[in-house]
Amino acid sequence: MSTGQYKTIVKDGLWDNNGVFSMLLGMCPAMAMTTSATNGFGMGLATAVVMAASSLLVAAFRSRITQEIRIPVYILIVAAMVTLVDLAMNAWMHELYKVLGLFIPLIVSNCLPLARLEAFAAKSPVLPSFLDGLFMGLGFTIALTVIGAVREIIGSGTLFADASLLLGPAFKAMELRLLPADMGVLMMILPPGGFLATGLLVVAKRLLDLRAGKEIQMAGAHGVA
Amino acid sequence: MKEFVLMLIGAALVNNVILARFLGLCSFMGVTTRIDTAAGMGLATTFVITVSSMADWAVQRYLLDAYGLGFLRTVTFILVIASAVQFTEMTIRKVSPTLFQMLGIYLPLITTNCAVLGVALLLVEGHMGFLAATLFAFASSLGYSLVMVIFAGLRERLVLAQVPRLFAGPPIAFIVASLLAMAFMGFSGISTS
């Protein structure tokens, strides 16, 4: 593969085909785990690790996976990777693990990893598949962090609060308070805010794409799962 | 008895699977363009959630807990769910070929509906008894179906509305969902304790 193709993989993953804002896949963690930027970031990273590892494995074994039973095989590979991430986070990032809770095992039924395995890793060599999984995962991380940041700033006036508690002492400098404590609009942290923030951010991405002279993607919600 | 009624309301309305717990959002956005498909999907998912939750409960109690295999939970549950979906597919094909035709491609996709795995994990983590677990699963899936049908009704109207071009499609649907979630927050006043 040429460098041009790698560039496309990176750009597609991070922006053009962003899992959340363009393809509208993996919406459940994108709304449930974005009550703060830190949670969104942690959730995104866990998903990115699972995606990169499972894309690598599927690409490596793609000639041995029978066409008829490929979906169960993909799901099992993803489930195995999720179990590894689940155990590792429980051991080394226990605070974050407690916050994300249910949504770590639920990466299995996140449609984004499965969609990338089916659309890319099943028919590409190992290295591009790994990169596709990784950058799709990082795009997901960015999306979740942005949704989390918007909801956190409006909802509680902070940004990356508790980052040092959840990710490690090195992240202490990231913790900011932008608005006084009593200025927060509680609704943005509650469930309705998740839908509202995501909807408006999809519009924002369309607007930016339109400014850049790109075709905006009107389709969406084609990930019926 | 009173306990069970409160639990039914709690799982179906107060902690609604879609609007409060954010589970099953892909199908919530994907198959709610028409009321009849949304209702069919709700029905099939209700069946799958109830059956697979009962099976998952038994697997957790008599296999994973009994032999100390807790770390295999995710892998095992997803296999049980995939089998339950296959079973549902066979049953629906036998009982109602019309519904089978209508749901078509959406049926196998229930496997990756996170509401199914989510409800199973919730009831296992809640350490419920068998009866309570079954009721919880059934009530949660009823709440899921209810919201699917309501949202499909809203979206059928939405198609006719004049929406700014940038908001067309998913964004306006998200904003409508946000209003619906706000309405459902009203139920949180019902105390389930």
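Structure shown above.
Residues numbered from 1 in each chain as written. Chains lettered and ligands numbered in written order. Predicted model: local features only at pLDDT ≥ 70, side-chain atom pairs only at ≥ 80, totals over all residues. Heavy atoms only, no water.

A.B. asks: How would you explain the overall build of chain B if you had to name every residue and give the values?
C.D. replies: The secondary structure content of chain B amounts to eight helices and zero strands. Each helix and strand of chain B, placed in order from N terminus to C terminus, yields the pattern α-α-α-α-α-α-α-α. By the compact-globule yardstick of 16 Å for 193 residues, chain B fits well, its C-alpha radius of gyration being 17 Å. If you line up chain B on its principal axes, its C-alpha atoms span 60 × 40 × 30 Å. Taking all 193 residues of chain B together, 51% fall into the buried category. Roughly 8,800 Å² of accessible area belongs to chain B as shown, and the carbon and sulfur atoms make up 69% of that amount. (Helix = DSSP H or I, 4+ residues; strand = E, 2+ residues; numbered from the N terminus. Rg over C-alpha atoms; globule rule 2.2 N^0.38 Å. Buried < 20%, exposed > 50% of the residue type's maximum accessible area, 1.4 Å probe, protein only. Areas by Shrake-Rupley, 256 points an atom, 1.4 Å probe, with all protein chains shown as cover.)

A.B. asks: Could you give an account of the layout of surface pockets, with specific residues and numbers?
C.D. replies: Any empty space left between the atoms is revealed when a probe the size of a water molecule rolls over them. Counted as a void, the second largest pocket has a volume near 210 Å³. Together, 14 residues line the second largest pocket, and A:Asp86, A:Tyr97, A:Pro105, B:Arg73 and B:Glu125 are the ones closest to its centre. Among the secondary structure elements, those contributing two or more residues to the lining of the second largest pocket are α4 (70-92) and α5 (94-100) of chain A together with α4 (73-95) of chain B. Tallying contributions element by element places α4(A) first for the lining of the second largest pocket, with four residues. (1 Å grid on protein atoms, 1.4 Å probe; cavity = no way out; pocket = protein on both sides within 12 Å on 5 of 7 lines; lining within 4 Å. Points joined across faces, edges and corners; volume = space filled by probe spheres on them.)

A.B. asks: Please set out the pattern of salt bridges residue by residue, giving values where relevant.
C.D. replies: All names here are of chain A. Taken as a whole, this structure holds six salt bridges over all chains when the rule is applied. Between Asp-209 and Lys-205 there is a salt bridge; the shortest N-O distance is 3.0 Å. Of this pair, Asp-209 and Lys-205 both sit in helix α9 (residues 191-211), separated by four residues, roughly a single helical turn. For the residue pair Asp-209 and Lys-205, the accessibility class agrees, reading buried in each case. (Salt bridge = Lys/Arg side-chain N within 4 Å of Asp/Glu carboxyl O.)

A.B. asks: Could you give an account of helix α1 (residues 2-14) of chain B, with specific residues and numbers?
C.D. replies: Within α1(B), the full set of buried residues consists of B:Gly10, B:Ala11, B:Ala12, B:Leu13 and B:Val14. The elements touched by buried residues of α1(B) are α7 (130-158) and α8 (170-185) of chain B. (Contact = heavy atoms within 4.5 Å.)

A.B. asks: Can you lay out the nonpolar core for me, pointing to particular residues and giving the numbers?
C.D. replies: Core analysis: the biggest nonpolar cluster contains 112 residues, and A:Val20, A:Phe103, A:Phe195, B:Leu19, B:Leu25, B:Phe28 and B:Leu123 have the highest contact counts within it. The contacts of A:Val20, once residues within four sequence positions are left out, are A:Leu25, A:Met27, A:Ala30, A:Phe140, A:Ala143, A:Leu144 and A:Ile147. Formed by five residues, the second largest nonpolar core is a distinct cluster that contains A:Ala149, A:Leu159, A:Phe160 and A:Ala163. (Core = buried A, V, L, I, M, F, W, Y, C linked by side-chain atoms within 4.5 Å.)

A.B. asks: Quick rundown of empty space enclosed by the protein? Include the residues and the values.
C.D. replies: Taken as a whole, this structure holds three cavities of 30 Å³ or more when the rule is applied. Here the second largest cavity is characterised by a volume of approximately 60 Å³. What lines the second largest cavity is A:Gly26, A:Met27, A:Cys28, A:Pro29, A:Phe103, A:Leu106, A:Ile107, A:Ser109, A:Asn110, A:Cys111, B:Cys26 and B:Cys114. The dominant element in the lining of the second largest cavity, judged by the number of residues it contributes, is helix α2 (residues 27-32) of chain A, at three residues.

A.B. asks: Describe the packing of helix α3 (residues 37-60) of chain A against helix α6 (residues 111-119) of chain A, with residues and values.
C.D. replies: Residue and element names in this part refer to chain A. Interaxial distance between α3 and α6 falls to 10 Å at its minimum, and their mutual angle equals 30 degrees. Comparing the axis directions of α3 and α6 gives the class roughly parallel. As α3 packs across α6, the resulting crossing turns out to be right-handed. Each of Met-51, Ser-54, Ser-55 and Val-58 in α3 lies in contact with α6, whose residues at this interface are Leu-112, Pro-113, Arg-116 and Leu-117. Classifying every residue of the contact of α3 with α6 by side-chain character gives five nonpolar, two polar and one charged. (Axes fitted to C-alpha atoms, helices over the stretch in contact; angles between N-to-C directions. Parallel < 35°, antiparallel > 145°, perpendicular 65-115°, else oblique. Left-handed = near helix turned anticlockwise from the far one by under 90°. Nonpolar A, V, L, I, M, F, W, Y, C, P; charged D, E, K, R; others polar.)

A.B. asks: Can you tell me about the interface of chain B and chain A, naming the residues and giving the values?
C.D. replies: Residue-level contacts link 43 residues of chain B with 43 residues of chain A. Summed over both sides, the interface between chain B and chain A buries roughly 3,700 Å², with carbon and sulfur atoms accounting for 82% of that surface. When the area that chain B buries against chain A is broken down by residue, the three leading residues are B:Phe22, B:Leu166 and B:Phe174, summing to 20%. The interface formed by chain B and chain A contains zero salt bridges. Applying the counting rule to chain B against chain A returns three residue pairs in polar contact (both at pLDDT 80 or more). Counting only elements with at least two residues in the side of chain B that touches chain A, the list comes to α2 (25-30), α4, α6 (114-125) and α8 of chain B. (Buried area = accessible area lost by both parts, 1.4 Å probe. Polar contact = N/O pair within 3.5 Å; in protein donor to acceptor, adjacent residues only side chain to side chain.)

A.B. asks: Before we move on, can you summarise the packing of aromatic side chains with the specific residues and values?
C.D. replies: Inspection of every chain in the model, using the stated rule, returns seven aromatic pairs over all chains. Measuring from ring centre to ring centre gives 6.1 Å for A:Phe195 and B:Phe28, while their planes differ by 55 degrees; the resulting arrangement is tilted. Of this pair, A:Phe195 sits in helix α9 while B:Phe28 sits in helix α2, on two different chains. One aromatic cluster in this structure is built from A:Phe195, B:Phe22, B:Phe28 and B:Phe151. (Phe/Tyr/Trp six-rings, centres within 6.5 Å; stacked < 30°, edge-to-face > 60°.)

A.B. asks: Would you mind going over the side chain of B:Thr46 in detail, with residue names and values included?
C.D. replies: Residue and element names in this part refer to chain B. Mapped onto the secondary structure, Thr-46 falls in helix α3 (residues 35-64). The exposure class of Thr-46 is buried, given its relative accessible area of 10%. Separated by 2.9 Å, the side chains of Thr-46 and Ser-145 make a polar contact.

A.B. asks: Can you explain the environment of A:Ala60? Please cite residues and give values.
C.D. replies: Residue and element names in this part refer to chain A. Looking at the element boundaries, Ala-60 is found in helix α3. Looking at Ala-60, the relative accessible area reads 46%, which means it is partly exposed. Measuring from C-alpha to C-alpha, the distance between Ala-60 and Ser-124 comes to 9.2 Å, with 64 residues separating the pair along the chain.

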